[in-house]
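A look at the structure
Here is how the chains run, residue by residue.
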There are 2 protein chains.
Amino acid sequence: MSLDSRYNTIAKAIDANTSKFIDRLREAVAIQSISADPGHRQDVIKMIDWASKKLQSLGATTETVPLGKQTLPDGKTIGLPPVLLATLGNDPQKKTLLVYGHLDVQPARKEDGWDTEPFQLVEKSGKLYGRGATDDKGPIMGWINAIETFQSCKIAIPVNIKFCLEGMEENGSIGLEEALKARKDTWLSDVDFTCISDNYWLGATKPCITYGLRGLSYFSIEVSACKQDLHSGGFGGSIYEPLADVMWMLAQLADSDGTILIDGIHDLVAKVTVEERKLYDSIDFDQEAFKRTIGAKKLSRSSKSEILMNLWRYPSLSIHGVEGAFDGQGPKTIIPAKVTGKFSLRLVPNMDGETVEKLVLSYLDRLWEKRGSPNAYRAYQNYTGRYWLTDFKHPHYQCGARAIKRVFGVAPDYTREGCSIPITLTFEELTGKNVMLLPIGAGDDMAHSQNEKLNVKNYIMGTKMLAAYLLELGSL
Amino acid sequence: MSLDSRYNTIAKAIDANTSKFIDRLREAVAIQSISADPGHRQDVIKMIDWASKKLQSLGATTETVPLGKQTLPDGKTIGLPPVLLATLGNDPQKKTLLVYGHLDVQPARKEDGWDTEPFQLVEKSGKLYGRGATDDKGPIMGWINAIETFQSCKIAIPVNIKFCLEGMEENGSIGLEEALKARKDTWLSDVDFTCISDNYWLGATKPCITYGLRGLSYFSIEVSACKQDLHSGGFGGSIYEPLADVMWMLAQLADSDGTILIDGIHDLVAKVTVEERKLYDSIDFDQEAFKRTIGAKKLSRSSKSEILMNLWRYPSLSIHGVEGAFDGQGPKTIIPAKVTGKFSLRLVPNMDGETVEKLVLSYLDRLWEKRGSPNAYRAYQNYTGRYWLTDFKHPHYQCGARAIKRVFGVAPDYTREGCSIPITLTFEELTGKNVMLLPIGAGDDMAHSQNEKLNVKNYIMGTKMLAAYLLELGSL
């Protein structure tokens with residue numbers, strides 16, 4: 001059968017199974033696999049088990065690799081979820097594709113401002129709302145759907161497929177790199193390409209393939225003054241207040257427009273070349289639509305290329321919040337006893353994580369000294385993950401481009417991303433082979449935020465795209 | 001019967017009923033009457049009903065006065081809890097005492113760091129732990145216990161007693177002042193003294209009577225950039241981040257040691273007189289014990305009188321927290337879309353609330369202009385309550401002092417308080433009569449904080465003190 005007719009058979013079967021595939025995603029979203037919250041660690045493990053059984057039912061052999069323990073900021077330890085490795089097919093005549101994805105999700109509570117329960121998948125106007133719908137359970141279900149359809153259509157999958165599915169991506173992928181390094185010469189040795197579907201189109205309509213990601217370094221500033229929170233009437237005026245200390249520190253990390261104030265950071269950033277600058281001109285990016293989607297009055301930069309560069313190739317710094325302070329509605333007159341301010345930097349070429357850690361911590365230490373507070377202070381890096389940049393002219397990328405052309409009828413944009421999937425670089429280094437990011441979700445999916453969603457259209461056409469990509473790999 | 005023998009009979013009966021009185025407080029603590037949380041408004045109303053029935057069973061006539069509606073920051077309205085007015089006795093031969101207290105409590109959740117469930121009263125090592133145990137349900141139970149004991153001992157209560165018990169004290173006593181003003185020439189017209197037991201001893205062992213309180217002005221700074229929270233990878237670098245704006249504002253309100261930076265605030269504060277300075281010298285206050293109790297490394301001032309003045313007669317500013325930012329454990333990489341920073345000032349003579357509001361808001365507006373952020377900004381005062389200062393040489397205070405001497409065997413310290421009970425001044429103005437604060441709780445009770453408690457000893461001896469005070473009033 002020609003590639004065309006095989007694809008047409010598969011695409012028809014995918015359409016026919018739309019509601020079954022949505023139910024599959026519903027099941028996955030219902031498991032509250034929040035990796036940042038130690039209270040949900042068992043749910044992450046449950047989610048790994050769930051995916052393991054699904055892959056087994058497709059005929060894969062699976063292995064769950066224990067990753068040891070995680071040390072929490074308070075010094076306690078907690079078991080890490082294992083990483084799931086699965087192998088489907090071992091035909092020496094075929095090339096081998098490695099698929100990476102993550103089964104854990106960001107925290108979510110209805111009271112954060114969701115319109116629906118975050119862990120119940122809700123279909124509304126062609127959109128599937130739920131935590132993890134697009135990041136990253138939807139794309140993983142896409143792979144499972146595509147493989148199942150090959151099998152039900154009795155069409156041979158033209159490559160061997162290996163899956164590496166983890167449960168700590170939203171919490172620094174702790175332990176994963178070591179587990180992969182240990183398998184460099186065994187499980188990883190025959191991998192020919194790696195494909196990751198864990199990012200997003202630039203806008204809401206045009207597909208893209210992504211060849212670069214920012215890294216991430218996450219920091220905490222912990223200040224405590226006393227044993228427990230104090231009544232601000234009974235004690236206000238008598239102590240050095242820790243929340244004031246932390247706010248004073250956090251206020252001096254970046255300017256209003258986001259310019260980072262930490263000494264030495266800008267010197268690490270690669271200079272823009274003439275060739276690179278040209279790439280931005282051809283990208284299909286509507287900054288007015290971007291502004292409308294997020295509902296901002298004004299963006300931090302005025303031109304399309306400046307905004308894209310700020311998102312893709314310059315570092316950014318965001319303050320995320322304060323643990324330990326009053327965060328409820330209405331007034332509460334408390335002096336918080338111990339607070340932890342949290343912020344992170346997105347890293348770009350050539351920001352080395354260790355150097356960033358040193359620069360940030362020494363900047364914080366100097367600020368603290370200047371503050372002159374008698375309170376207990378500790379600043380630390382929670383975790384760091386590397387940026388990644390590769391060659392998008394590789395034949396592997398052309399398989400992705402042909403799959404997109406077949407399903408969506410357009411040539412993709414080649415993009416970079418502001419987000420971080422630090423393990424991407426690890427795969428590239430350990431396999432020595434090309435890695436491609438092939439997103440399914442749209443730019444307005446609101447990963448990490450309230451009302452995260454995946455369009456039904458993206459889910460189903462994305463499943464077809466993955467199937468078409470598998471067919472293309474067979475013709476390489 | 002002499003005052004001595006009446007007191008002895010009552011004191012014996014109070015001792016005999018200790019466990020019954022603790023059960024009464026347990027019942028009251030179990031009602032989650034959190035006035036700051038609109039979700040608990042019905043519990044506040046339930047608590048008012050509960051107290052109404054208790055006072056009726058003592059023979060009081062009760063009235064619940066509707067106070068209308070509260071407008072929340074988001075523009076929605078919600079019904080206010082009514083204020084409970086009760087009258088016990090109307091003998092024209094007797095003087096009339098007005099007792100004020102509040103039945104609402106501060107927010108509390110076990111995960112804030114409580115050792116026990118905040119709304120279950122737990123007795124441990126002579127202490128009764130629970131939200132509201134000392135602030136202010138314990139003292140109100142003290143009055144009920146004392147009156148019940150007079151009645152069970154068949155000893156006439158030597159004064160008529162009126163109760164004014166509200167459900168919004170921890171949220172600005174909204175509506176109460178108007179309701180009281182409307183009753184100036186009716187229900188309040190025959191009041192001869194007002195007694196309030198809603199504050200604390202200075203330390204943990206020596207009783208005091210309090211003749212001054214700070215006021216309170218509570219402020220919010222609301223900044224929003226976009227429709228919903230954003231992934232800091234996908235959007236970091238493209239927008240002006242609201243949390244950075246709010247932190248930058250909050251960081252410029254006070255110095256590390258608490259010195260307020262808002263222009264004009266210090267000019268409002270009454271100068272310390274030579275006579276006033278002497279008062280501080282004789283107060284029994286151990287600043288080392290104070291420091292140990294709260295567990296602070298260093299206090300904001302070095303001498304006893306400076307600390308007391310900072311707590312009693314100088315304003316203080318505390319930042320309480322940020323609503324809308326990430327406040328959970330671990331890392332979350334979000335750019336919060338809309339955040340509300342919260343802080344408050346404690347007011348002292350002669351800080352007029354309206355002037356403070358103007359100075360604070362104009363300072364914030366100037367800061368905002370300097371910031372130059374394109375985000376939506378709104379600063380507002382949530383509520384304000386006045387400071388209070390009265391003459392502690394009044395005969396009414398001597399009744400309190402004699403009651404303390406009788407129960408505890410010592411003469412009280414005369415103190416001021418950093419806390420705020422803004423309605424105190426209203427009672428003084430509307431009745432034209434002396435108001436006294438007669439605390440039951442100890443200085444380490446941790447009102448508003450985790451593990452709030454009331455010592456069993458303070459509860460029971462406090463009940464005796466209130467009974468002795470009622471007897472003393474009869475001899476005036």
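Worth saying up front: this structure is predicted, and the values here are computed from it rather than measured.

The partner chain B presents 90 residues to the 91 residues of chain A that form the contact. Where chain A abuts chain B, roughly 7700 Å² becomes buried across the two surfaces, and 53% of that area is made up of carbon and sulfur atoms. Looking at the side of chain A facing chain B, the largest losses of area belong to Tyr240, Ser256 and Pro331 of chain A, adding up to 9% of the total buried there. Linking chain A with chain B are two salt bridges, by the criterion used here. The interface formed by chain A and chain B contains 45 residue pairs in polar contact (both at pLDDT 80 or more).

Okay, the domain arrangement of chain A next. Residue and element names in this part refer to chain A. Looking at chain A, the domain boundaries give domain 1 (3-213 + 387-474) and domain 2 (216-270 + 313-385). Of the residues lining the interface, 11 residues belong to domain 1; the matching set on domain 2 comes to 12 residues. Interface area, domain 1 with domain 2, both sides summed: about 930 Å², of which 56% is carbon and sulfur. Interface area lost by domain 1 to domain 2 is led by Pro73, Tyr387 and Arg416, which between them contribute 53%.

Turning chain A through 180° and shifting it by 0.0 Å along the axis lays it on chain B, with an RMSD of 0.0 Å. The operation mapping one copy onto its partner corresponds to a two-fold rotation axis. Minimal C-alpha distance to the rotation axis in chain A is attained by Met247 of chain A, lying at 2.7 Å.

Residue and element names in this part refer to chain A. Residues annotated in UniProt with the feature "binding site: Mn(2+) 2" (unreviewed entry) correspond here to His102, Asp135 and Asp198. On the basis of their most widely separated C-alpha atoms, the annotated residues across 97 residues gather in one place, lying no more than 8.1 Å apart. Topologically, Asp135 is positioned in the loop between β7 (127-129) and α4 (137-152). Discounting chain neighbours no more than four positions away, the residues touching Asp135 are His102, Asp104, Val105, Glu170, Asp198, Tyr200, Ala447, His448 and Glu452. In terms of polar contacts, Asp198 uses its side chain to reach the side chain of His102, at 3.2 Å.

Residue and element names in this part refer to chain A. Two elements in contact, helix α1 (residues 3-16) and helix α14 (residues 456-474), have axes separated by 10 Å at closest approach and are oriented at 155°. Comparing the axis directions of α1 and α14 gives the class roughly antiparallel. For the element pair α1 and α14, the recorded crossing hand is right-handed. Counted together, Leu3, Arg6, Tyr7, Ile10, Ala11, Ile14 and Asp15 of α1 and Ile460, Thr463, Lys464, Ala467, Ala468, Leu471 and Glu472 of α14 form the full contact between these two elements. For the contact of α1 with α14, the residue count by class is nine nonpolar, one polar and four charged.

All names here are of chain A. With burial as the criterion, each face of strand β9 (residues 193-196) is covered, one bearing Phe193 and Cys195 and the other bearing Thr194 and Ile196. The sheet contact formed by strand β5 (residues 96-102) and β9 spans four bridges and is parallel. Looking at the pairing, Leu97 lines up with Phe193 of β9. Direction of pairing for β9 relative to strand β19 (residues 435-437): parallel, over a ladder of three bridges. Note that in β19 the partner of Ile196 across the bridge is Leu437.

Attention now moves to the sheet that holds strand β16 (residues 376-385) of chain A. Residues and elements named next belong to chain A. With antiparallel pairing, four strands are arranged side by side in an open sheet as β13-β15-β11-β16. The open sheet terminates on both sides in strands that have one partner only, identified here as β13 (316-323) and β16. On average, adjacent strands in this sheet sit at an angle of 15° to one another, irrespective of strand direction. In the sheet, strand β11 (residues 215-224) pairs with β16 via nine bridges, with the strands oriented antiparallel. For Tyr218, the partnering residue across the bridge sits in β16 and is Tyr383. Helix α11 (residues 353-371) contacts β11, β15 (338-347) and β16 of the sheet and is inclined by roughly 160° relative to β16.

For the structure shown, the criterion picks out 22 aromatic pairs over all chains. Look at Tyr280 of chain A and Trp312 of chain A: their rings are 5.7 Å apart centre to centre, the planes differ by 40°, and that puts the pair in the tilted class. One end of the pair, Tyr280 of chain A, is in helix α8 (residues 274-281); the other, Trp312 of chain A, is in helix α10 (residues 304-312), and 32 residues separate them in sequence. Overall, the relative accessible area of 2% leaves Tyr280 of chain A in the buried class. Clustering of aromatic rings is evident, with ring pairs tying together Tyr211, Phe392 and Tyr414 of chain A. Sitting over the face of the ring of Tyr129 of chain B, Lys124 of chain B holds its NZ or CZ atom 5.2 Å from the ring centroid. Between Arg313 of chain B and the ring centre of Tyr314 of chain B, over which it is positioned, the NZ or CZ distance is 5.1 Å.

Below, the discussion takes up the packing of helix α8 (residues 274-281) of chain B against helix α10 (residues 304-312) of chain B. Each pair of packed helices gets described by two things: the angle between the helix axes and the distance between those axes. All names here are of chain B. One way to put it is that α8 packs onto α10 with a least axis distance of 9 Å and a crossing angle of 110°. The angle between α8 and α10 falls in the class roughly perpendicular. Read as a crossing pair, α8 and α10 show a hand that is right-handed. In this structure, α8 uses Arg277, Tyr280 and Asp281 to contact α10, whose residues at the interface are Lys304, Ser305, Leu308, Met309 and Trp312.

So, on to the pattern of salt bridges. Scanning the entire structure with this criterion turns up 57 salt bridges over all chains. A salt bridge links Asp15 of chain B to Lys464 of chain B; the shortest N-O distance between them is 2.9 Å. Of this pair, Asp15 of chain B sits in helix α1 (residues 3-16) while Lys464 of chain B is found in helix α14 (residues 456-474), placing the two residues 449 residues apart along the sequence. Classification of Asp15 of chain B by relative accessible area gives partly exposed; the value is 42%. Overall, the relative accessible area of 11% leaves Lys464 of chain B in the buried class. One salt bridge connects Lys433 of chain B with Asp192 of chain B, and the closest N-O pair in it is separated by 3.9 Å. Of the two residues, Lys433 of chain B is situated in the loop between α13 (423-431) and β19 (435-437) and Asp192 of chain B in the loop between α5 (176-181) and β9 (193-196); the sequence distance between them amounts to 241 residues. Note on Lys433 of chain B: relative accessible area 34%, which makes it partly exposed. Three or more residues joined by partner-sharing salt bridges are found here, namely Asp4, Arg402, Arg406 and Glu472 of chain A.

Here is what the cut-offs are and how they apply
Residues numbered from 1 in each chain as written. Chains lettered and ligands numbered in written order. Predicted model: local features only at pLDDT ≥ 70, side-chain atom pairs only at ≥ 80, totals over all residues. Heavy atoms only, no water. Contact = heavy atoms within 4.5 Å. Buried area = accessible area lost by both parts, 1.4 Å probe. Salt bridge = Lys/Arg side-chain N within 4 Å of Asp/Glu carboxyl O. Polar contact = N/O pair within 3.5 Å; in protein donor to acceptor, adjacent residues only side chain to side chain. Domains from an automatic or database assignment. Least-squares fit on C-alpha atoms with pLDDT ≥ 70 in both. UniProt positions renumbered as here; feature names shortened; annotations may be inferred. Helix = DSSP H or I, 4+ residues; strand = E, 2+ residues; numbered from the N terminus. Axes fitted to C-alpha atoms, helices over the stretch in contact; angles between N-to-C directions. Parallel < 35°, antiparallel > 145°, perpendicular 65-115°, else oblique. Left-handed = near helix turned anticlockwise from the far one by under 90°. Nonpolar A, V, L, I, M, F, W, Y, C, P; charged D, E, K, R; others polar. Buried < 20%, exposed > 50% of the residue type's maximum accessible area, 1.4 Å probe, protein only. Pairing = 2+ DSSP bridges. Phe/Tyr/Trp six-rings, centres within 6.5 Å; stacked < 30°, edge-to-face > 60°. Lys NZ or Arg CZ within 6 Å of the ring centre and 35° of its normal.

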